[in-house]
Amino acid sequence: VQLQASGGGLVQAGGYLRLSCAASGTYNSIISMGWYRQAPGKQRELVALINSNDITNYVDSVKGRFTISRDNAKNTAYLQMNSLKPEDTAVYYCNAHILRFQTVNDYWGQGTLVTVSS
């Protein structure tokens, strides 16, 4: 199973970006998908999560600005990031809990850098 993340870049404060995370490979189902981020000198934190029932969860600092969604037909999750702030600057990592051969495993995509300039 592989997760391919894309969509990072440089944007001015107040701007927007959309991250994508596509799952590929052989598996039974995707339990949940989420985005984490890690800023320089800080621990990785969960930004947003969406489960198989489309229930979402967000870290307080992005509520009202970020929206996570998923397209089950494309096995892809998206993170729409609006009203970006310099403090959103970080490497963003896609994560998925995937059921594969009766075992739920944790998978990570490569990081994608988001830089928000002031």
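Anyway, here's the lowdown on the structure attached to this text. What you are looking at is a predicted structure, and each value in this text was computed from that prediction instead of being measured.

Thresholds, definitions, all that
Residues numbered from 1 in each chain as written. Predicted model: local features only at pLDDT ≥ 70, side-chain atom pairs only at ≥ 80, totals over all residues. Heavy atoms only, no water. Core = buried A, V, L, I, M, F, W, Y, C linked by side-chain atoms within 4.5 Å. Buried < 20%, exposed > 50% of the residue type's maximum accessible area, 1.4 Å probe, protein only. Helix = DSSP H or I, 4+ residues; strand = E, 2+ residues; numbered from the N terminus. Contact = heavy atoms within 4.5 Å. Pairing = 2+ DSSP bridges. Axes fitted to C-alpha atoms, helices over the stretch in contact; angles between N-to-C directions. Phe/Tyr/Trp six-rings, centres within 6.5 Å; stacked < 30°, edge-to-face > 60°. Lys NZ or Arg CZ within 6 Å of the ring centre and 35° of its normal. Disulfide = S-S within 2.5 Å.

Okay, the nonpolar core next. Grouped together as the largest cluster of nonpolar side chains are 31 residues, with contacts concentrated most on L3, M33, W35, F66, L79, M81 and Y92. Put simply, the parts of the chain that give this core at least two residues each are β1 (2–6), β3 (17–24), β4 (29–38), β5 (45–51), β7 (66–71), β8 (76–81), β9 (90–100) and β11 (112–117). At 5 residues, the largest contribution of residues to this core is made by β9. Contacts of F66, omitting those with residues within four sequence positions, involve R37, V47, Y58, L79, Q80, M81, N82, L84, D88 and Y92.

It is worth spelling out the sheet that holds β7 at this point. One open sheet accounts for 4 strands, arranged β1-β3-β8-β7; its pairing is antiparallel. Looking at strand neighbours, the two that pair on one side only are β1 and β7, the edges of this open sheet. Each adjacent strand pair in this sheet contributes to an overall mean axis angle of 15°, direction not counted. Across 6 bridges, β7 lies against β8 in antiparallel orientation. Residue D71 lies in a different strand from β8, and its bridge partner there is T76.

When we look at a pair of aromatic rings, we describe it by the centre distance and by the angle of the planes. The tally for this structure, following the rule as stated, stands at 1 aromatic pair. We note R44 situated over the ring of Y93; from NZ or CZ to the ring centre the distance is 3.8 Å. In this structure, R44 packs its charged tip against the face of W108, placed 4.8 Å from the ring centre.

This brings us to the pairing of strand β10 (residues 103–108). Both β9 and β10 contribute to a ladder of 6 bridges, which runs antiparallel. Across the sheet, residue A96 finds its bridge partner in β10, namely Y107. Hairpin geometry of β9 and β10 is characterised by an intervening segment of 2 residues between the two adjacent antiparallel strands and by a positive phi of about 55° at F101.

Looking now at the environment of R18. On the secondary structure map, R18 appears in strand β3. Each C-alpha atom of the pair R18 and Q110 lies 16 Å from the other, and the pair is 92 residues apart in sequence. Those residues within four positions of R18 in sequence are excluded, and the remaining contacts are S6, G7, Y78, L79 and Q80.

Position of N105 among the secondary structure elements: in strand β10. Taking the C-alpha atoms as reference points, N105 and I30, separated by 75 residues in sequence, lie 9.8 Å from one another. In this structure N105 touches A96, H97, I98 and R100, once residues within four positions along its chain are discounted.

Turning next to the state of the cysteines. Tallying each qualifying case throughout the model produces 1 disulfide. Two residues share a disulfide in this structure: C21 and C94, whose sulfurs sit 1.7 Å from each other. Where C21 bonds to C94 through sulfur, the torsion about that S-S bond is close to -75°, and the disulfide is left-handed. With C21 in strand β3 and C94 in strand β9, this residue pair connects regions lying 73 residues apart in the sequence.

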